[in-house]
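# Tertiary structure, described
Residue strings, one per chain:
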Amino acid sequence: MTFVVTQACVDIQDKSCVQVCPADCIYEGGRMMYINPDQCIDCGACEEVCPVSAIRYDGDVTGADEQFVDFNAEFFEGMDVKGARKLGKIDRDVEFVAALPRKAG
Ligand code: SF4
């Protein structure tokens, strides 16, 4: 079990979550943030600070956001990453997110 970032983050990327994550496992993608499931220690700090309620416990994710449980894991496939802050922005997204229409504003 892990926490995951869902669609509400797309084109928002507030990043308050990054500041409170003790495991440094919330990475900045091109259009949304992604939580590395291999690093997350399930503390829940990120969920509380997200201004758009984009972060959920994976077992609580329902409906259209369910696919984001897989998307968070998929983002890190083939990557050996151990720290988000040092790495900085990774300018790509999973296919589904990259294809979403841009939010206005
Ligand atoms: Fe980081 Fe805790 Fe959120 Fe996991 S649950 S991403 S360790 S703040």
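Overview of the structure. (Residues numbered from 1 in each chain as written. Predicted model: local features only at pLDDT ≥ 70, side-chain atom pairs only at ≥ 80, totals over all residues. Heavy atoms only, no water.)

Okay, the overall build of the protein chain next. Within the protein chain one finds 5 helices and 4 strands. Listing every helix and strand of the protein chain by position from the N terminus yields β-α-β-β-α-β-α-α-α. Each of the three principal axes of the protein chain carries a C-alpha extent, and together these read 30 × 25 × 25 Å. Across the 105 residues in the protein chain, those meeting the buried criterion constitute 46%. Sequence separation of at least 24 residues holds for 70% of the intrachain contacts in the protein chain that already meet a minimum separation of 6. In the form shown here, the protein chain has an accessible surface area of approximately 5700 Å², with 48% of it arising from carbon and sulfur atoms. Positive and negative side-chain charges of the protein chain, numbering 10 and 19 respectively, have mean locations separated by a distance of 8 Å. (Helix = DSSP H or I, 4+ residues; strand = E, 2+ residues; numbered from the N terminus. Buried < 20%, exposed > 50% of the residue type's maximum accessible area, 1.4 Å probe, protein only. Contact = heavy atoms within 4.5 Å. Areas by Shrake-Rupley, 256 points an atom, 1.4 Å probe, with all protein chains shown as cover. Lys, Arg positive; Asp, Glu negative; His and termini not counted. Charge placed at Lys NZ, Arg CZ, Asp CG, Glu CD.)

Structurally, V69 can be placed in helix α3 (residues 67-75). Along the sequence, V69 and G59 sit 10 residues apart, while their C-alpha atoms lie 9.0 Å from each other. Setting aside residues up to four positions removed in sequence, V69 forms contacts with V4, D58 and V61.

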